[in-house]
Amino acid sequence: MNYPVFKAGRLPSARSKRIADGLKLLEDWIIHLLSQGFEVLQKDESRIQEMATRAVDSGMPAIGRRLRTLPYKIKSGKDWVEELMNEIGLIYLFLQMVKAREKHDFIHEEDLLAFMGVSIKKSDLIKETTPVEDDWIYLGTHREKEENILIHRHWFYGRNQHKFGLYLEFQINRFVQIRNFDFGKMYCGYVHFYPSALPIRMHDVPEQHHIIPEQISWKTHDVKEYLDVLTKALLRNPFLKQMPALIRDSKTIKIEDRWFLVGVDGVSIELNATVDKIWHLMSYQMDDTTVVIGEYEHRKIFPLAVYSHGYLRKI
């Protein structure tokens, strides 16, 4: 079965056709791989590199990057088959969603394009989306390194519309200037969100800022409610890598060598944090009104801050 071309008006027909041909080639490669077994990749890494190059040449750079990480997973030696199954399975799910997108309204074409690494220009973003005005409260930043790029994920919360926003910055070297946001401040004005079935990523953050008010109407969840929200979000966009969290009524406990955020009904979610950060968090949780602010990624919560008695404090 040939793949349908993408309808996004910002894509030239020749590029859309090249992507469609690349998707067919990728599916054939996966099916052939499954018939042979993953062990062939362990013996011959060039199979991966060749397909990664073809993906990039077809206009799918993000899939090419995903494929180039597979040799590192194989060489890790620990559960590498499961790691490959998860990665190949996600790509195969993406391929099936591309085929089904014309039949199902919940599949957003821009989410599929983003998965492939087909970015949208600023001019198209502004033209195709409606600006959202609010007071954007800064919630914290999670920094991590991917290959040679330092990624800064800045999280915000719209005080009036209760909408979350993620502002990404990429730092290739130390000469790249990164914006500095302050706890206890809200950045007021219009923002554009990247089109998606679940719009979260913001294009930019306003410069004008004010001190947050003493009383804020947070839209919080307990642990069980948050997991329900997370499930619904992933059903709308299975390729979401991170989600924000505002969790109330929780305690932190240790089971063997792992730490968990536990709700009043015993439902839990694992924490991703250093021991020092865990103890810092636990000290704030001695107050039952404390709201834990974090980022969900890879089935764990990375704590960013807490809100307690009118104050936002970094963890």
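Since the model is a prediction, treat every value here as computed from it, not as a measurement. (Residues numbered from 1 in each chain as written. Predicted model: local features only at pLDDT ≥ 70, side-chain atom pairs only at ≥ 80, totals over all residues. Heavy atoms only, no water.)

Asker: Honestly, the overall build of the chain in this entry has me stumped. Any pointers?
Answerer: Along its length, the chain carries ten helices and 13 strands. Taking 2.2 N^0.38 as the reference for a compact globule, 315 residues should give roughly 20 Å; the C-alpha atoms of the chain span a radius of gyration of 21 Å, in line with that estimate. Dimensions of the chain along its principal axes, counting C-alpha atoms only, are 60 × 50 × 45 Å. Here the chain holds 315 residues, and the buried ones make up 49% of them. By sequence separation, contacts in the chain at least 24 residues apart represent 60% of the contacts at least 6 residues apart. Entry remark: accessible area of the chain is about 17,000 Å², with carbon and sulfur atoms responsible for 51%. The averaged location of the 43 negative side-chain charges in the chain is 4 Å from the averaged location of its 44 positive side-chain charges. (Helix = DSSP H or I, 4+ residues; strand = E, 2+ residues; numbered from the N terminus. Rg over C-alpha atoms; globule rule 2.2 N^0.38 Å. Buried < 20%, exposed > 50% of the residue type's maximum accessible area, 1.4 Å probe, protein only. Contact = heavy atoms within 4.5 Å. Areas by Shrake-Rupley, 256 points an atom, 1.4 Å probe, with all protein chains shown as cover. Lys, Arg positive; Asp, Glu negative; His and termini not counted. Charge placed at Lys NZ, Arg CZ, Asp CG, Glu CD.)

Asker: Just checking my understanding: could you explain empty space enclosed by the protein for this structure?
Answerer: Vacant regions in the atomic arrangement are exposed by a probe of water-molecule size rolled over the atoms. A full pass over the atoms with the stated rule returns one cavity of 30 Å³ or more. Its boundaries defined by the atoms lining it, the largest cavity holds a volume of some 30 Å³. Taken together, Met97, Ile107, His108, Asp111, Leu112, Arg236, Asn237, Pro238 and Phe239 form the lining of the largest cavity. (1 Å grid on protein atoms, 1.4 Å probe; cavity = no way out; pocket = protein on both sides within 12 Å on 5 of 7 lines; lining within 4 Å. Points joined across faces, edges and corners; volume = space filled by probe spheres on them.)

Asker: Please explain helix α9 (residues 223-236) as it appears in this structure.
Answerer: In an α-helix there are 3.6 residues to a turn, and that puts residues three or four apart on one side. In a regular helix each residue adds 1.5 Å, so 14 residues correspond to 20 Å; α9 covers 20 Å between its end C-alpha atoms and thus fits that length. Looking at α9, one finds that the buried residues are Val223, Tyr226, Leu230 and Ala233. The buried residues of α9 occupy an angular sector of 80° when projected down its axis, which confines them to one face. In α9, the exposed positions angled more than 90 degrees off the buried face are occupied by Lys232 and Leu235. Where the residues of α9 are buried, they touch β7 (243-247), β8 (250-255), β9 (258-263), β10 (268-271), β11 (291-297) and β12 (300-308). (Expected span 1.5 Å × (residues − 1). Arc of directions from axis to C-beta.)

Asker: Looking at this structure, I do not really get the nonpolar core. What am I missing?
Answerer: Grouped burial of nonpolar side chains is what soluble globular proteins tend to show. In terms of nonpolar packing, the biggest core is built from 42 residues, with Ile137, Leu139, Trp218, Tyr226 and Met243 touching the most fellow members. The element best represented in this core is β12, accounting for six residues. Those residues within four positions of tryptophan 218 in sequence are excluded, and the remaining contacts are Ile137, Leu139, Tyr157, Leu246, Tyr307 and Leu312. (Core = buried A, V, L, I, M, F, W, Y, C linked by side-chain atoms within 4.5 Å.)

Asker: For this particular structure, what's the right way to read the packing of helix α1 (residues 13-36) against helix α3 (residues 46-57)?
Answerer: Axes are the key here: two packed helices are described by the angle between their axes and the distance separating the axes. Two elements in contact, α1 and α3, have axes whose closest approach is 9 Å; the angle formed by their N-to-C orientations is 160°. Judged by the inter-axis angle, α1 sits roughly antiparallel to α3. α1 and α3 meet at a crossing whose hand is left-handed. Across from Arg18, Leu25, Leu26, Trp29 and Gln36 in α1, the residues of α3 making contact are Arg47, Ile48, Met51, Arg54 and Asp57. Its residues placed into classes, the contact of α1 with α3 shows five nonpolar, one polar and four charged. (Axes fitted to C-alpha atoms, helices over the stretch in contact; angles between N-to-C directions. Parallel < 35°, antiparallel > 145°, perpendicular 65-115°, else oblique. Left-handed = near helix turned anticlockwise from the far one by under 90°. Nonpolar A, V, L, I, M, F, W, Y, C, P; charged D, E, K, R; others polar.)

Asker: When you look at the side chain of glutamate 295 in this model, what are you seeing that I'm missing?
Answerer: Among the structural elements, glutamate 295 can be located in strand β11. In this structure glutamate 295 comes out as buried when scored by relative accessible area, which is 0%. At 2.9 Å, the side chain of glutamate 295 forms a polar contact with the side chain of tryptophan 155. Aside from chain neighbours lying at most four places away, what touches glutamate 295 is His142, Arg153, Trp155, Gln242, Met243, Lys300, Ile301, Phe302 and Leu304. (Polar contact = N/O pair within 3.5 Å; in protein donor to acceptor, adjacent residues only side chain to side chain.)

Asker: In this structure, what is going on with the sheet that holds strand β5 (residues 201-202)? I would like to understand it.
Answerer: Neighbouring strands of a sheet are bound in pairs by backbone hydrogen bonds; such pairs are parallel or else antiparallel. Ordered by their spatial adjacency, six strands build an open sheet running β5-β3-β2-β1-β4-β6, and the pairing between neighbours is mixed. Looking at which strands have only one partner, the edges of the open sheet turn out to be β5 and β6 (209-211). Here strand β1 (residues 132-146) pairs with strand β4 (residues 185-191) via six bridges, running antiparallel. Residue isoleucine 137 lies in a different strand from β4, and its bridge partner there is methionine 186. (Pairing = 2+ DSSP bridges.)

Asker: Could you clarify how one ought to interpret helix α7 (residues 109-116) in this entry?
Answerer: Counting buried positions over the eight residues of α7 gives seven, a clear majority of the element. Glu109, Glu110, Asp111, Leu112, Leu113, Phe115 and Met116 are the residues of α7 that are buried. Residues of α7 that are buried in the fold lie against α1, α4 (61-68), α6 (80-100) and α8 (122-128). Glycine 117, located one to two residues past α7, shows a positive phi value of around 90°.

Asker: Looking at this structure, how should I read the pattern of salt bridges?
Answerer: Should the charged atoms of two oppositely charged side chains come close, the side chains can pair. Evaluated as defined, the whole model comprises 22 salt bridges. Between glutamate 297 and arginine 153 there is a salt bridge, and its shortest N-O distance comes to 3.2 Å. Pair noted here: glutamate 297 is in strand β11 and arginine 153 is in strand β2 (residues 149-158), with a separation of 144 residues, a long-range link. Judged by relative accessible area, arginine 153 falls into the buried class, the value being 2%. For arginine 258, the salt bridge identified is with glutamate 270, shortest N-O distance 2.8 Å. Of this pair, arginine 258 sits in strand β9 while glutamate 270 is found in strand β10, placing the two residues twelve residues apart along the sequence. Under the relative-accessibility criterion, arginine 258 is labelled partly exposed at 40%. Each of Glu144, Arg153, Glu295 and Glu297 takes part in salt bridges that share partners, so that together they form one network. (Salt bridge = Lys/Arg side-chain N within 4 Å of Asp/Glu carboxyl O.)

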